[in-house]
Amino acid sequence: DASIKTSARNRLCGSVSRMVHGAVNTEVVLQLTGGNTLTAVVTHDSVQELNLQEGKPCCALIKASHVLLGVDG
């Protein structure tokens, strides 16, 4: 929804392709438009509040200062 205001400038949209429930958090995998995937870890409460379900459309909002990068050594 373009009317939602947020300080995050990066928005990646797709659909929930997989959810892995852990003891404290849930790993949510988004299948993005274009074929890439994005994985996020959210609390169980957030999964319920957002009504996340496999196959449901979803967008990831990413604040540039919260991105972690890794490379093979």
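Residues numbered from 1 in each chain as written. Predicted model: local features only at pLDDT ≥ 70, side-chain atom pairs only at ≥ 80, totals over all residues. Heavy atoms only, no water.

*Asks:* For this particular structure, what's the right way to read the state of the cysteines?
*Replies:* Formally, a disulfide is one covalent bond, and it connects the sulfur atom of one cysteine to the sulfur atom of another. Counted under the stated rule, the structure contains one disulfide. Between the sulfur of Cys13 and that of Cys59 lies a disulfide, 2.0 Å long from S to S. What sets the handedness of the Cys13 and Cys59 disulfide is the S-S torsion sign, and at about 105 degrees it is right-handed. On the criterion of sequence distance, the pair formed by Cys13 in strand β1 (residues 10-21) and Cys59 in strand β4 (residues 57-62) is long-range, its members being 46 residues apart. Classification of Cys59 by relative accessible area gives partly exposed; the value is 33%. Of all cysteine sulfurs in the structure, the one in Cys59 sits closest to Cys58, which takes part in no disulfide; the separation is 6.6 Å. (Disulfide = S-S within 2.5 Å. Helix = DSSP H or I, 4+ residues; strand = E, 2+ residues; numbered from the N terminus. Buried < 20%, exposed > 50% of the residue type's maximum accessible area, 1.4 Å probe, protein only.)

*Asks:* Quick question: what am I supposed to make of the nonpolar core here?
*Replies:* Most often, soluble globular proteins have nonpolar side chains that are buried together. Formed by Val16, Met19, Val28, Leu30, Leu32, Leu38, Val47, Leu52, Cys58 and Ala60, the largest nonpolar core amounts to ten residues. The biggest single contributor to this core is strand β2 (residues 25-32), with three residues. Those residues within four positions of Leu32 in sequence are excluded, and the remaining contacts are Leu12, Cys13, Gly14, Thr37 and Leu38. (Core = buried A, V, L, I, M, F, W, Y, C linked by side-chain atoms within 4.5 Å. Contact = heavy atoms within 4.5 Å.)

*Asks:* Help me out: how do you make sense of the layout of surface pockets in this one?
*Replies:* Over the atoms a probe the size of a water molecule is rolled, and this reveals where empty space is left. Each pocket or cavity is described by its volume, and for the largest pocket that value is around 420 Å³. Val42, Leu50, Cys58, Cys59 and Ala60 are the residues nearest the centre of the largest pocket, which is lined by 16 residues in total. Elements that contribute at least two residues to the lining of the largest pocket include exactly β2, β3 (37-43) and β4. Broken down by element, the residue count for the lining of the largest pocket peaks at six residues, all from β4. Looking at the lining of the largest pocket residue by residue, the class counts come to 14 nonpolar, one polar and one charged. (1 Å grid on protein atoms, 1.4 Å probe; cavity = no way out; pocket = protein on both sides within 12 Å on 5 of 7 lines; lining within 4 Å. Points joined across faces, edges and corners; volume = space filled by probe spheres on them. Nonpolar A, V, L, I, M, F, W, Y, C, P; charged D, E, K, R; others polar.)

*Asks:* Teacher, can you tell me more about the environment of Thr6 here?
*Replies:* Take Thr6: it is sitting in the segment before β1. Once the C-alpha coordinates of Thr6 and Lys63 are considered, the two residues, 57 residues apart in sequence, prove to be 9.4 Å apart.

Function cannot be inferred from these measures alone, as they are strictly geometric.
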